[in-house]
Amino acid sequence: MFNKKHLVLLASAGSLSLAGIATAQADTLEDTIERGAVQCGVSDGLPGFSAPDDDGNWQGLDVDVCRAVAAAVLGDADAVNYISLNAVERFTALQSGEVDVLSRNTTWTTTRDTTLGLNFTGVNFYDGQGFMVSRDLGITGADELDGASICIQSGTTTELNLADYFRANDMEFNPIVFDTSEQTVGGYQAGRCDVLTSDTSQLAALRIQLDDPEASMILSEVISKEPLGPVVRQGDDLWFNIVKWSLFAMINAEEYGVTSENAEEMLNSENPDVARLLGQDGNYGEGMGLEADWAYNIISQVGNYAESFERNVGMDSPLEIERGVNALWNDGGFQYAPPIR
Ligand SMILES: N[C@@H](CCC(=O)N[C@@H](CS)C(=O)NCC(=O)O)C(=O)O
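Report on the accompanying structure. As the structure is a computational prediction, the values presented were derived from the model and not from experiment. (Residues numbered from 1 in each chain as written. Predicted model: local features only at pLDDT ≥ 70, side-chain atom pairs only at ≥ 80, totals over all residues. Heavy atoms only, no water.)

**Brief notes about the state of the cysteines**
The full count for this structure, using the stated rule, is 2 disulfides. The partner cysteine of C40 in its disulfide is C66, sulfur to sulfur 2.1 Å. Measuring handedness by torsion sign, the sulfur bridge of C40 and C66 sits at about -70° and is left-handed. Residue C40 is found in strand 1 (residues 38-42), and its partner C66 is found in helix 4 (residues 61-74); the two are separated by 26 residues along the sequence. The pair formed by C40 and C66 is uniform in burial state, with each residue classed as buried. In this model C151 forms its disulfide with C193; the gap between the sulfur atoms is 1.9 Å. (Disulfide = S-S within 2.5 Å. Helix = DSSP H or I, 4+ residues; strand = E, 2+ residues; numbered from the N terminus. Buried < 20%, exposed > 50% of the residue type's maximum accessible area, 1.4 Å probe, protein only.)

Pasting the structure below:
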């Protein structure tokens, strides 16, 4: 596991440029090691993405990113402090240092990536905005929504997409705006609106929270691109790399067939990609101030991307989301991680 001694060695004996990077920008890593936990901002309860289970343990696809970073940095996926944030609070919490990673169904956009002092590290779920309606209304397509009251959450990309879509289709709508998903779903359920709009993955998560999920349906139209991924502050490239490569390690592990179940056995693999991933051939964590087993710790404790997807949001989970565009690039999807080498 990484320790302070390692950082000092890296700074004093490592190559000059690497030492410079490690000392000048290692604050978040150092603070995390000192604290013994990753400060991770998550949603305030979105099943499948981030929500505490009955025993109070946080679970979800976004939670697994927090866990992966903790496994890579501290060797312990459980070493995470979860801070739940609504859509409006999330960026301020990251900017102010309350959290060091924001892993909360957050769409990567130009404004967020370039004007808030933040950096998106990758995409852990390719999504798009959709609509949920009560089956009673007999609506079959989004083009029938003219004049609808629409429940929506403030501080989201959802608001602008909705306005664009209705304007482009020459339709009117009445927005009913809420601050949290609980309020949004409550408003929909209480009949304050005809339609609830959000990213389709979130609609799937919200639908199962309804008293009668079967009475509502998600329309097939998807009106926007919502690449969701973990975010960090600008100005700490070492930490940026750690979060980015923690996600890439999970995606590469799926590609190479390394799972939480077989990771130990795979330590003996003769496949060079697997040997590099698991730290048996070289140390690809070194440039991030991590030990050679950084990715092994992620995969053995959290699992690869497929395991995380299926466990949390996949067809066998309550959300029943198909891999679709979130399949690997060599399986017809968009998920593609740069190689570890
Ligand atoms: N991906 C969009 C939407 C994200 C979002 O916050 N959606 C709401 C939809 S209900 C949500 O997930 N809320 C969960 C929460 O507030 O914890 C964005 O980044 O703006």
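**Remarks on the packing of aromatic side chains**
Per the stated rule, a full pass over the model turns up 11 aromatic pairs. Measuring from ring centre to ring centre gives 5.2 Å for Y126 and F334, while their planes differ by 85°; the resulting arrangement is edge-to-face. You can see Y126 sitting in strand 7 (residues 125-127) and its partner F334 sitting in the segment after helix 14 (305-312), a full 208 residues away along the chain. According to the relative accessible area criterion, Y126 is partly exposed, its value standing at 25%. Ring geometry for W245 and F248: centres 4.9 Å apart, planes at 80°, overall edge-to-face. Highlighted residues: W245 and F248, both in helix 10 (residues 237-255), separated by 3 residues, approximately one helical turn. Here R323 stacks its cationic end above the ring of F309, 5.1 Å away from the centre of that ring. (Phe/Tyr/Trp six-rings, centres within 6.5 Å; stacked < 30°, edge-to-face > 60°. Lys NZ or Arg CZ within 6 Å of the ring centre and 35° of its normal.)

**Section: the sheet that holds strand 11 (residues 195-199)**
Strand order across the open sheet formed by 5 strands is 10-9-11-8-12, with mixed pairing between neighbours. Each of the sheet's edge strands pairs with one partner strand only, and the pair in question is strand 10 (173-178) and strand 12 (216-218). Averaged over neighbouring strand pairs, the angle between their axes works out to 30° when direction is ignored. Here strand 8 (residues 129-134) pairs with strand 11 via 5 bridges, running antiparallel. Considered in strand 11, the bridge of M132 is made with L196. Contacts between helix 8 (residues 181-189) and the sheet are confined to strand 8, strand 9 (148-153), strand 10, strand 11 and strand 12, with strand 9 contributing the most and set at about 160° to the helix. Here helix 9 (residues 200-207) sits on the sheet in contact with strand 8, strand 11 and strand 12, set at roughly 125° to strand 11. (Pairing = 2+ DSSP bridges. Axes fitted to C-alpha atoms, helices over the stretch in contact; angles between N-to-C directions. Contact = heavy atoms within 4.5 Å.)

Fair warning: the whole summary comes from geometry, so function is off the table for now.
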